Amino acid sequence: MADSMSKEFIQRLEDRLELLGKPLLFFGETDSSNQRLKELALSGATHGTCVWADYQTKGRGRLGRQWQAAAGKSLLFSLLLKQDIDPRNMFVFTALAGLAICQVLKAYGIDAQIKWPNDIFVNGLKLCGMLSEIVKDGLIIGIGVNVNQDEAEMSDLSGVSLKMLDGKNWSREDLLVNVLNQFSSGYLKWQQSPYAWHSDYIGSSWLIGKTVVVQDGVNRQDGEVETIGMDGHLLLRGKDGDRLKVSYGDVSLLAIDGKYK
Ligand code: BTN
């Protein structure tokens, strides 16, 4: 993928987008697609604008972490939704994005599931991370998918790429268009019926029924995942049968040898 992606090529991709994702702005290199879109939002970028980057010098992850991805291998993009959003209700958009990715991958024969709060996992390995951030008059959803990394190129041992799953080179632009269109369809449905997404979300959630430990940097909470609320809380049943409500943190699963991984 060249640094100077041709206008015609981008135009052809835009033509395939049904609703969100336009204008589609491609950057061969940028600091972070979320950051770039944040700046564009400040200077008047419109609802649905998408920043797509081939390489990020300062890719951002959750909880202040970095997100590193070699050039030309991942799908890295951020989508701007301009609307009134109470930060407490942000979860639904990450949920819709996660669902869109799972639905698209299912159509390709890949059984991807959402790992609360912001990850997509396949076979217990991380394929994709999402980072939603509030911006002026709206919200940005940033998505990073491991696409064409070989095993040796996957720096994160607990990570997996689409190529590692099926041995093929994937078209990142097709994936981008499909995810944006699927997200658009979920977004329209959410506008018409704001709670309908939840049952699909639960159906695509990897953690339901699993025994987990959640660490938020200060506290650690253990229990079996009962469900995930519409407000984005993880609801656990503790050892003593007590119910615990977790709002954020890193989740590890209890492995067969009794250790958390
Ligand atoms: C995480 O797993 O911690 C979330 C990672 C989110 C990474 C994506 S890549 C595109 C977008 N731009 C960023 O700087 N971050 C998100």
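Here, every reference points to the structure presented above.
Just so it is clear, the model here is predicted, and its values are computed rather than measured. (Residues numbered from 1 in each chain as written. Predicted model: local features only at pLDDT ≥ 70, side-chain atom pairs only at ≥ 80, totals over all residues. Heavy atoms only, no water.)

Asks: Before we go on, may I ask you to explain the pattern of salt bridges in this structure?
Replies: Where charged atoms of side chains with opposite charge meet at close range, the side chains can pair. In this structure the tally under the stated criterion is 15 salt bridges. A salt bridge links Arg62 to Asp250, with the shortest nitrogen-to-oxygen separation between them at 3.4 Å. Here Arg62 is found in the loop between strand E2 (50-56) and strand E3 (74-82), whereas its partner Asp250 is found in strand E12 (residues 250-253), with 188 residues between them in sequence. Put simply, Asp119 and Lys126 hold a salt bridge, and the shortest N to O gap is 2.9 Å. The residues Asp119 and Lys126 share a single accessibility class, namely buried. Where salt bridges share partners, they join Lys38, Arg60 and Glu133 into one cluster. (Salt bridge = Lys/Arg side-chain N within 4 Å of Asp/Glu carboxyl O. Helix = DSSP H or I, 4+ residues; strand = E, 2+ residues; numbered from the N terminus. Buried < 20%, exposed > 50% of the residue type's maximum accessible area, 1.4 Å probe, protein only.)

Asks: Would you take a moment to explain the state of the cysteines for this structure?
Replies: The term disulfide refers to a covalent linkage connecting the sulfur atoms of a pair of cysteines. In the structure shown here, the tally under the stated rule is zero disulfides. Of all cysteine sulfurs in the structure, the one in Cys128 sits closest to Cys50, which takes part in no disulfide; the separation is 13 Å. The class of Cys50 is buried, set by a relative accessible area of 0%. Cysteine Cys102 remains unbridged, with the sulfur of Cys128 as its closest cysteine sulfur at 8.4 Å. (Disulfide = S-S within 2.5 Å.)

Asks: How should I be thinking about the site of the ligand in this particular structure?
Replies: Inspection of the region around the ligand gives 20 residues, with Ser32, Gln56, Arg60, Arg62 and Lys126 positioned closest. Separating a nitrogen atom of the ligand from a side-chain N or O atom of Ser33 is a distance of 3.0 Å. A distance of 2.7 Å is found between an oxygen atom of the ligand and a backbone nitrogen or oxygen belonging to Arg60. Taken by itself the ligand offers 410 Å² of open surface, and the protein chains cover 97% of this. (Near = heavy atom within 4 Å. Polar contact = N/O pair within 3.5 Å; in protein donor to acceptor, adjacent residues only side chain to side chain. Areas by Shrake-Rupley, 256 points an atom, 1.4 Å probe, with all protein chains shown as cover.)

Asks: Would you mind going over the sheet that holds strand E5 (residues 119-122) with me for this structure?
Replies: In a beta sheet, neighbouring strands are held together by backbone hydrogen bonds and run either parallel or antiparallel to one another. Taken in spatial order, the seven strands of this open sheet run E1-E2-E3-E7-E6-E5-E4, and their pairing is mixed. In this open sheet, the two edge strands, each paired with only one partner strand, are strand E1 (24-30) and strand E4 (113-115). On average, adjacent strands in this sheet sit at an angle of 25 degrees to one another, irrespective of strand direction. Relative to strand E7 (residues 138-146), E3 runs antiparallel, the two sharing nine bridges. If you follow Leu81 over to E7, its bridge partner there is Leu139. The strands that helix H5 (residues 172-192) touches are E1, E2, E3 and E7; relative to E3, the one it contacts most, it runs at about 30 degrees. (Pairing = 2+ DSSP bridges. Axes fitted to C-alpha atoms, helices over the stretch in contact; angles between N-to-C directions. Contact = heavy atoms within 4.5 Å.)

Asks: Looking at this structure, I do not really get the packing of helix H3 (residues 91-107) against H5. What am I missing?
Replies: Two quantities define a packed helix pair, namely the angle between the axes and the distance from one axis to the other. As a packed pair, H3 and H5 sit with axes 8 Å apart at the nearest point and diverge in direction by 130 degrees. Considered as vectors, H3 and H5 are oriented oblique to each other. Seen from above, H3 lies across H5 with right-handed handedness. Contacts from Val92, Phe93, Leu96, Ala97, Ala100, Ile101, Gln103, Val104 and Leu105 in H3 reach Leu175, Asn178, Val179, Gln182, Phe183, Gly186, Tyr187 and Trp190 in H5. A breakdown of the residues in the contact of H3 with H5 according to their chemical character gives 13 nonpolar, four polar and no charged. (Parallel < 35°, antiparallel > 145°, perpendicular 65-115°, else oblique. Left-handed = near helix turned anticlockwise from the far one by under 90°. Nonpolar A, V, L, I, M, F, W, Y, C, P; charged D, E, K, R; others polar.)

Asks: Any chance you could explain the side chain of Lys115 here in plain terms?
Replies: Checked against the element boundaries, Lys115 lands in strand E4. Buried Lys115, no salt bridge; nearest opposite-charge side chain is Asp119, N-O distance 4.8 Å. At a separation of 2.7 Å, a polar atom in the side chain of Lys115 contacts the main-chain carbonyl oxygen of Val251. Residues contacting Lys115, with those up to four places away along its chain left out, are Phe121, Trp206, Leu207 and Val251. (Lys, Arg positive; Asp, Glu negative; His and termini not counted.)

Asks: Help me out: how do you make sense of the sheet that holds strand E9 (residues 220-228) in this one?
Replies: Read from one edge of the open sheet, five strands run E11-E10-E9-E8-E12, paired in antiparallel fashion. A strand with exactly one partner marks an edge of an open sheet, and here the two such strands are strand E11 (243-246) and E12. In this sheet, adjacent strand axes meet at a mean angle of 45 degrees when their direction is disregarded. Sheet analysis places strand E8 (residues 211-215) next to E12, joined by four bridges and oriented antiparallel. Bridge pairing in E12 places Val213 opposite Ser252.

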